[in-house]
Amino acid sequence: MHRFAFLLGFINIQIILIGNTAADKSSDVKGIIGAILDCSSRIGQEQAVAMKMTLEDFYHYSNQSFSLYIRNSEGDPLQAALAARDLIDKQKVQAIIGPQTWEETSLVADICSQKSIPLLSLADATPEWAMEKWHFLLQASPSQIMQMKAIAEIVKSWKSYNVSIIYEDGDSSSLEVLSQLSGALKEVGTELINILAVPPLISSSLSQKLEKLREGHCRVFIVHLSLPLALHLFETANKMNMMEEGNVWITTSTFTNLVHSLNAPTISNIQGIIGVKSYIRNQSHQYENFYHRFRKKFSSQHFEEFNYEPGIFAAYAHDAARTVAQAMRETNQTGGPVLLDKILISNFTGLSGKIQFNDHKIAPAHTFQIIDVIGKSYREIGFWSDGLGFSKTYGRNASYSSSVKELGKVVNPICAKRLRIGVPSYATFKPYVDVIQDDSQSAPSFKGIAIDLFKEIVKQLPYHLEYDFFAFNGTHDELVKQIYWKKYDAAVGDVTIESARYEYASFTQPYTDPGMVMIVPVQSETGNRAWLFMKPFTKLMWILILVIIIYNGFVVWMIERNHRPELRGDKLRSNLSRVAMVVWLFVALIITQTYTASLTSMLTVERFEPTVDSIQQLQNSNAMVGCYGGTYMKRYIQEALDFNAENIKQYDSPQNYNDALRKKEIAAAFFDAPAAKFFLAKNCKEFVQAGPTYKIGGYAFVLLQQFFHFSLVFPKGSPLLDDVNKALLNISESGILRNLENSVLESEECKDIVDPGKETSSLSPGSFMVLFILTGGTSTTALLIYIFPVNYLCHGHRTVWCLMMAVIKRWRSQKRLFLRRAQIVAEYPLNSPNNSNLTTLA
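Per the secondary structure count, the protein includes 27 helices and 32 strands. A burial count over the protein gives 49% of its 842 residues as buried. Within the protein, counting contacts between residues at least 6 apart in sequence, those at least 24 apart form 72% of the total. Accessible area of the protein: about 41,600 Å², with a carbon and sulfur share of 53%.

The structure is reproduced here in C-alpha cells:
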C-alpha cells in the first residue's frame, strides 16, 4: 500500500472543468470523462489539447459542460491501471478515453469492465478476443494494419527482395504487424529476409545488430518503432553510413505520424526515408477551424515544441471525446450499459473520418499518405488506397497506378554490397568466357559472350547492381561449391546445368541451345572416281532405268515380231511400237540431260559427307570417341549411349580434339551444342555434325544452383534469380543474345562448304516418277491393244472395228502390191522381154 501511495504521488493529475468552474455549480455538469494519456510524449500532449478543445466546443454550442480528468501514465501499464482505479473510484468518471498502447489498455480494460465503465481505447490494434472478454472495451481509433499492404506495394514497385523489418521487442501489436506484412509481401512475390527486434530501452548494442543487416543486397528496411527508438535507430544507421543512397528505409505510421513534430537537426538524420502516414481529410471547414485553434492553444501550453500542427493522434482524441460527449448528452444515465449502447450507435463524420462502431471497433483505415523526407522537412508525394493503388491526389478525379514511381522521383534501392562474381579461369570454351592474365595489370581482364551477356542483364535490372569479377582457378564443380560456401555471390561462364550441382546452387534459365552433338571428319563424296559416273543417280534410279529399258524393248519386240521375224532393226512396222518408242525417246532425252548436268556439277564442285553418320556405326566398329565436356557428359555417353569407358577419351582444348580427329585417334567427338557451334565455325572444312542432337543441357548463370545448358549460377534461394531470368528473356527476345553470338561467329564463319545433311547430289526416282509413268503407261497401252484386238472389244463397237480393220488390211495389201511392182520394175526395165510378166501380174 505504501508503494501504491508513493506511485500515486508522482502521477500528474489534471482536472479540467469545462463550462462552469465553480465547485458549487458542479450540478450543471452533464458528464464526467476520464483520460489516461502519456503526457510526456508528443502524442499525449496533442491528445490532451484536442480533448479540451472538443469539450469547450460542446459548451460553446450546447451550453452543456463536461468534466475532464486527465491522468499521466507516462507509458507505464501499472501507472495506467492505478490511474483507472483512481478515476473510477474517486472521480466517479462515466467513461475513460485512452490509453495509447495495448499493454496499458489490457490492464485498464479489465478494471473498466468490472466497474461497467466504457473504455474508448486509442491503441492502434486491439485483438478480437479482448473485446469479447471485456465487453466495455471499444477501439476508438481505426486500425492501421492495412498500411502493410501499402508498404508491400511500394516494395513491389522496385521489384526489391532483400526486405528487413525492424520492430520494437515487447510490443504486442508486432506479432500482427509481422503476420500482415509477411502475407502482403508474399502476395507481391517477395518475403522478409531479416527480422530485427529492438529492445524498448535504448541500447548501445543496436549497431551490432544493424551490422548483420548490411550483408544483404538491394536492402529495403521497414521500420516499425516508436518515435524515440526510431530516432535512435536512424542516428546509429547514419553513423554506419546505412542512410546513404541505395538503402531504402520505409517507416510505418507509428513513426511517420509524428514526423511533423521533428526539428531540422533531427530531420537531417532521416534524409531519404519513405513513410506511410495516416490520412486526415484536411480540406473541410471543420478541420481548418480545429487546425488554427489547436496551433494557438498548443503553442501556449508547449512553447518548447518545434512545430505546433496537430497530427492524426489529435484527430483521434478529438473524435473520441466527441463520441463520449454526444452519448452523455443523449442519456440521463451516469454510465454503464446504457451509455455504452449510446456510444455504439454513434454515427458522424469526425476529423479522422467516419465514426461508426462495428463489433466494438471503428472501421480500419484504407487510405494512407505517402511522404518522403527531403531537405529540412518532409513532403507529401501522394496517396495509396486499398484496391486502387497509388495516386497523386485523393478523390473521385484521382488517377491511380500500381507503382509508387508514378508519384514522382523517389529514392530507389541500390545493391550497395558489390557482388563477387566467380569466373572460371580454365573455361572449356574460350568464346564464351576467357580470363586474360596481363602482367602489366594487377587484375586479369574478362572477355567472352557470357561476360558481355551478364553486363547486358545488369543493365536490364530495375535497380543498380554493383559487382566485381574474380578469376577462379579450379573446376566448374568446385566453382559451384564456392557459391554454396558463400565465397562468391554468383558464377558467370560456360557452366553447364547439371542435376548433381543443384545440391549446391540455383541456376538461371539457359542462355544457349541445349544438347550434345557428335562431330566427325568429312570425306569427299567423289573420293572413288572409278564409280563416279554412278553418283548422279541413286541405285534405285539405275535399277528403274534398266527395268524400263528392258520393258520397252520387250513391248516393241512383241509388236514387231509378226511383221519382221528376222528383226533386222531397219524400221518399225507397227504404229503401236512407234508410239511407245517415241515416248520412251522423249523420257530418255530428259534423263540424259539431267544426268549430264549432275555429273558435270560433281566434276566441278567437290562435295563432302561425314565419315560416320550414326552412333550404331561407332559401336559396331568399337571405335574410340572424344568427350569435350564435364563428367556429366562422359557419364551420359557411357550410360545413355552404351559406350565403354575405355573407348572414351578426353582432351584439354578444342585444338587437341581437332588434332585427334585428324590423326584418327578418335572417330568422333561429342560436344556441348554451344561449343560445337563455334568449333565447326572454325573448322568447317574438315568436320561436320552428324546424327541427332541429344537434349541434355546448356549454359546458364549460377546463383547457387545449375543445369545442363550454359547458365548463370546463384546461391540457393537467391532473390536475384527471378529478375535475372526476366532480364535474360528480354535480351533473348530483343535479339541482343543472337547479336553477341554472331559477333564472335562472324570472325570464324566458313561459307565454302555445303552441309551434306541439307543437299544431296544423287537423284532418286521421285524426281522422274511422272516420266516413268508416262513411258511405262504408253508401252503398256500399246501392248494391251496388240494383245487384245477385236475379239475382246465390246459387242457394240465390233462392226466399226471390223470396218476399220478391213480398211487397214486393204491398205496394207495395196501397199504390198505397190512395193512388189516397184521392185519388179527396178529389176526388169520396160523394154525388157520380161515385160509380159508385168501384164500378167497386173
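Let's pick the thread back up.
A few words now on a nonpolar patch on the surface. There is a patch of nonpolar side chains on the surface, built from Leu-540, Ile-543 and Val-547 and spanning about 290 Å² of accessible area. Mapping Ile-543 onto the fold places it in helix α17 (residues 539–560).

Right, let's get into helix α9 (residues 227–239). An α-helical turn contains 3.6 residues, so a residue and the one three or four places further along point in the same direction. The end-to-end C-alpha separation of α9 is 19 Å, in line with the 18 Å expected for 13 residues at 1.5 Å each. Tucked into the core, α9 has its buried residues touching β7 (162–168), β8 (192–198), α8 (206–213), β9 (219–224), β10 (248–251) and α10 (253–256). At the C-terminal side of α9, Asn-241 shows a positive phi close to 60 degrees.

Okay, the sheet that holds β10 next. Strand order in the open sheet formed by nine strands is β8-β7-β9-β10-β11-β15-β16-β17-β18, and the pairing between neighbours is mixed. Whereas interior strands pair on both sides, the edge strands pair on one side only; in this sheet they are β8 and β18 (400–401). Taken together, the two bridges between β10 and strand β11 (residues 274–278) define a ladder with parallel strand orientation. Considered in β11, the bridge of Ile-250 is made with Ile-274.

As a further point, take the environment of Ala-35. Mapping Ala-35 onto the fold places it in strand β2 (residues 29–37). Look at Ala-35 and you get buried, because its relative accessible area is 0%. Taking the C-alpha atoms as reference points, Ala-35 and Leu-119, 84 residues apart in sequence, are found 9.5 Å from one another. When residues no more than four places from it in sequence are discounted, the contact partners of Ala-35 are Met-51, Leu-68, Tyr-69, Ile-70, Arg-71, Leu-87 and Ile-97.

This model, assessed by the stated rule, comprises 13 salt bridges. For Glu-46, the salt bridge identified is with Arg-42, shortest N-O distance 2.8 Å. Remark: Arg-42 and Glu-46 occur in helix α2 (residues 42–62); sequence separation between them is four residues, near one turn of the helix. Across the pair, exposure class does not vary: Glu-46 and Arg-42 are buried alike. The salt bridge involving Arg-293 is made with Asp-57; its shortest N-O contact spans 2.7 Å. On the criterion of sequence distance, the pair formed by Arg-293 in helix α12 (residues 285–301) and Asp-57 in helix α2 is long-range, its members being 236 residues apart. Salt bridges here are not isolated pairs; linked through shared partners, they connect Arg-42, Glu-46 and Glu-305.

Burial along strand β27 (residues 625–628) is two-sided: Val-625 and Cys-627 and Gly-626 and Tyr-628, pointing in opposite directions, are all buried. Note: β27 against strand β28 (residues 648–649), two bridges, orientation parallel. Bridge assignment links Val-625 to a residue of β28, and that residue is Ile-648. Direction of pairing for β27 relative to strand β29 (residues 668–672): parallel, over a ladder of four bridges. Looking at β29, one finds that Val-625 is bridged to Ala-668.

General note: in soluble globular proteins, nonpolar side chains tend to be found buried as a group. Of all hydrophobic cores here, the largest spans 76 residues; its most connected members are Met-51, Ile-166, Leu-210, Phe-234, Trp-249 and Phe-255. Those residues within four positions of Leu-210 in sequence are excluded, and the remaining contacts are Ile-166, Leu-196, Leu-233, Thr-236, Ala-237, Met-240 and Met-242. The next biggest cluster of nonpolar side chains, apart from the first, holds 48 residues, and it includes Leu-419, Ala-660, Val-724 and Ile-731.

On to α12. Compared with an ideal rise of 1.5 Å per residue, which puts 17 residues at 24 Å, α12 spans 25 Å between its outermost C-alpha atoms and is within 8% of the ideal. Along α12, the residues that are buried comprise Tyr-287, Phe-290, Phe-294 and Phe-298.

The subject of this paragraph is the packing of α2 against helix α13 (residues 312–329). Orientation of α2 relative to α13, taken along the N-to-C sense of each, is 35 degrees, at an axis distance of 8 Å. Our pair here, α2 against α13, has a crossing hand that is right-handed. Counted together, Ile-43, Glu-46, Gln-47, Ala-50, Met-51, Thr-54, Leu-55, Phe-58 and Ser-62 of α2 and Phe-313, Ala-314, Ala-317, His-318, Ala-321, Arg-322, Ala-325, Gln-326 and Arg-329 of α13 form the full contact between these two elements. Here the residues of the contact of α2 with α13 sort into ten nonpolar, five polar and three charged.

The subject of this paragraph is unusual backbone geometry. Each neighbour pair has its own omega, and for Gly-98 with Pro-99 the value is -10 degrees, a cis peptide bond. Considering the arrangement of structural elements, one finds Pro-99 in the loop between β4 (95–97) and α4 (102–115). The backbone of Asp-359 sits at a positive phi, close to 60 degrees, despite the residue not being glycine. Its location among the elements puts Asp-359 in the loop between β13 (354–358) and β14 (361–362). Of the residues examined, Asp-359 reaches a relative accessible area of 59% and is grouped as exposed.

Attention now goes to the packing of aromatic side chains. Applying the stated rule across the entire model yields 32 aromatic pairs. A ring pair is formed by Phe-234 and Trp-249, whose centres lie 5.7 Å apart and whose planes are at 80 degrees; its orientation type is edge-to-face. In this pair, Phe-234 is assigned in helix α9 and Trp-249 in strand β10, connecting sequence segments 15 residues apart. Across the pair, exposure class does not vary: Phe-234 and Trp-249 are buried alike. On the basis of an interplanar angle of 75 degrees and a centroid distance of 5.1 Å, the ring pair of Tyr-651 and Tyr-657 is categorised as edge-to-face. A network of ring pairs unites the aromatic residues Tyr-651, Tyr-657, Phe-671, Phe-679 and Phe-687 as a single cluster.

Here we take up the packing of helix α22 (residues 673–682) against helix α24 (residues 736–745). Where α22 meets α24, the axes come as close as 10 Å, and the angle between the chain directions of the two elements is 30 degrees. Taken together, the axes of α22 and α24 lie roughly parallel to each other. For α22 against α24, the interelement crossing comes out right-handed. Residues Lys-677, Phe-678 and Ala-681 of α22 lie in contact with α24, whose contacting residues are Glu-741, Val-744 and Leu-745.

It is worth spelling out the confidence of the model for the protein at this point. Confidence in the prediction for the protein averages 81 pLDDT; 83% of positions are at 70 or higher. Counting interchain partners and residues more than four positions distant, the pLDDT-below-50 stretch residues 835–842 has six contacts.

A few words on the pairing of β9. Of all six residues in β9, six are buried, a share of seventy percent or more. Of the two faces of β9, the one lined by Arg-219, Phe-221 and Val-223 and the one lined by Val-220, Ile-222 and His-224 are each fully buried. Where β7 and β9 come together, six bridges link them in parallel fashion. Its bridge partner being in β9, Ser-164 is matched across the sheet by Phe-221. Pairing between β9 and β10: four bridges, direction parallel. Opposite Val-223, over in β10, you have Thr-251 as the bridge partner.

Reading the values: the criteria
- Residues numbered from 1 in each chain as written.
- Predicted model: local features only at pLDDT ≥ 70, side-chain atom pairs only at ≥ 80, totals over all residues.
- Heavy atoms only, no water.
- Helix = DSSP H or I, 4+ residues; strand = E, 2+ residues; numbered from the N terminus.
- Buried < 20%, exposed > 50% of the residue type's maximum accessible area, 1.4 Å probe, protein only.
- Contact = heavy atoms within 4.5 Å.
- Areas by Shrake-Rupley, 256 points an atom, 1.4 Å probe, with all protein chains shown as cover.
- Patch = residues over 30% accessible without salt bridge, like charges linked within 9 Å, V, L, I, M, F, W, Y side chains within 5 Å.
- Salt bridge = Lys/Arg side-chain N within 4 Å of Asp/Glu carboxyl O.
- Expected span 1.5 Å × (residues − 1).
- Pairing = 2+ DSSP bridges.
- Core = buried A, V, L, I, M, F, W, Y, C linked by side-chain atoms within 4.5 Å.
- Axes fitted to C-alpha atoms, helices over the stretch in contact; angles between N-to-C directions.
- Left-handed = near helix turned anticlockwise from the far one by under 90°.
- Nonpolar A, V, L, I, M, F, W, Y, C, P; charged D, E, K, R; others polar.
- Phe/Tyr/Trp six-rings, centres within 6.5 Å; stacked < 30°, edge-to-face > 60°.
- Parallel < 35°, antiparallel > 145°, perpendicular 65-115°, else oblique.
- pLDDT = per-residue confidence, 0-100.

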